[in-house]
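# Remarks on the overall topology
Listed below are the residues making up each chain.
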Amino acid sequence: MKTIDPRQYEHIVFFTGAGMSAESGVPTYRGRGGLWSQYRWEEYACEDAFAGDPKKVLKFHELRRAAVLACQPHAGHAAIATLEKQHPRVMVVTQNIDGMHQRAGSGNVIELHGSLWRLRCPDDGISGDIGAKYKGWKCEKCGSWLRPDIVWFGDILDQGVMSAAIAAIRRCDLFVSIGTSGVVYPAAGFPRFAKENHARCIEINPEANEMSSLYDESLRDTAGRALPELFVQF
Ligand code: APR
């Protein structure tokens, strides 16, 4: 594929999934070595699991925090962050909770599935910190268990976050999807919004999946290799 001149596009959206972080060493969810082949999400990633055994769920998320902190953003993350500095309307819509885009320097990031770096109290709102361990497992004000501010299985996505993501995607004229298996809705339906706006749609994923036929072009390569070469330098 020829390189793309980003100046030809008004609004560019990068839509990322676990495959974006895979080359940094963060495991994907599905496929070989995927998190859900090692851990049952029913025990670690749903409201019932948290209600039944909050300590077990919080410990699991602390392990994930430690694992993510040991990883570094790669050249693909850097390419997106650099483009955001050169182009006024670049947006990342991510299903990832690991904060890698922000660590690479991206500022316009919509986190659809929440963040590993935040906790929320049912009464006293959201707190955030970065470190392998959470600062505390219970709210200092009311003593409630703090819940990872993550969209787990069975949760409803935050409506404000959803609306912002859909608005960005409906507006874009270049949509680049990277490293998502396209099976978890509603995010899996997002490429259709870009198509409805006649955006040029590009997929970066070493493997094809059910959504691949929606894209105008598919790069069967990894995020870390394909992204730095995708755009002309200006
Ligand atoms: N570069 C690009 N894509 C890659 C790479 C890579 N280096 N390595 C793997 N992939 C692709 C895989 O081929 C797969 O299609 O990344 C995709 C990862 O798919 P999933 O593990 O299903 O991740 P994702 O689509 O982000 O999952 C969606 O499911 O469990 C939930 O909430 C969790 O946000 C997650 C959601």
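Structure: see above.
Residues numbered from 1 in each chain as written. Predicted model: local features only at pLDDT ≥ 70, side-chain atom pairs only at ≥ 80, totals over all residues. Heavy atoms only, no water.

### Re the overall build of the chain
Scanning the chain for helices and strands turns up 10 helices and nine strands. Taking 2.2 N^0.38 as the reference for a compact globule, 234 residues should give roughly 17 Å; the C-alpha atoms of the chain span a radius of gyration of 18 Å, in line with that estimate. Expressed along its principal axes, the backbone C-alpha trace of the chain runs to roughly 55 × 35 × 30 Å. The buried share among the 234 residues of the chain stands at 50%. Accessible surface, the chain as shown: approximately 11,300 Å² in total, 51% of it carbon and sulfur. (Helix = DSSP H or I, 4+ residues; strand = E, 2+ residues; numbered from the N terminus. Rg over C-alpha atoms; globule rule 2.2 N^0.38 Å. Buried < 20%, exposed > 50% of the residue type's maximum accessible area, 1.4 Å probe, protein only. Areas by Shrake-Rupley, 256 points an atom, 1.4 Å probe, with all protein chains shown as cover.)

### What to know about the packing of aromatic side chains
If you walk through the whole model with that rule in mind, you get 11 aromatic pairs. Taking 4.2 Å as the distance between ring centres and 20° as the angle between the ring planes, the aromatic pair formed by W41 and F153 counts as stacked. Of the two residues, W41 sits in helix 3 (residues 41–44) while F153 sits in the loop between strand 6 (147–150) and helix 8 (159–171), which places them 112 residues apart along the sequence. Taking the relative accessible area as the measure of exposure, W41 reaches 29% and is therefore partly exposed. (Phe/Tyr/Trp six-rings, centres within 6.5 Å; stacked < 30°, edge-to-face > 60°.)

### Brief notes about the sheet that holds strand 3 (residues 109–111)
One open sheet accounts for six strands, arranged 3-2-1-7-8-9; its pairing is parallel. Strand pairing shows two members of the sheet lacking a second neighbour, strand 3 and strand 9 (217–219), which therefore form its edges. The sheet shows a mean angle of 20° between the axes of neighbouring strands, taken without regard to direction. Against the sheet, helix 8 contacts strand 1 (12–16), strand 2 (90–94), strand 3 and strand 7 (174–178), and its axis sits at roughly 135° relative to strand 3. (Pairing = 2+ DSSP bridges. Axes fitted to C-alpha atoms, helices over the stretch in contact; angles between N-to-C directions. Contact = heavy atoms within 4.5 Å.)

### Some remarks on the site of the ligand
Near the ligand, the surroundings consist of 21 residues, among which A18, R30, T180, S181 and N205 are the closest. Here S181 contributes a side-chain N or O atom positioned 2.5 Å from an oxygen atom of the ligand. Here an oxygen atom of the ligand sits 2.7 Å away from a polar atom, N or O, in the side chain of N205. Considering the ligand on its own, with 740 Å² of exposed area, one finds that the protein chains cover 90% of that surface. A molecule is said to occupy a pocket when more than half its atoms come within 2 Å of that pocket's grid points, and by this definition the ligand occupies the largest pocket. Take the shell around the ligand: its biggest share by element is three residues, from helix 1 (residues 18–22). In terms of residue class, the shell around the ligand is built from eight nonpolar, 10 polar and three charged. (Near = heavy atom within 4 Å. Polar contact = N/O pair within 3.5 Å; in protein donor to acceptor, adjacent residues only side chain to side chain. 1 Å grid on protein atoms, 1.4 Å probe; cavity = no way out; pocket = protein on both sides within 12 Å on 5 of 7 lines; lining within 4 Å. Sits in = over half its atoms within 2 Å of the grid points. Nonpolar A, V, L, I, M, F, W, Y, C, P; charged D, E, K, R; others polar.)

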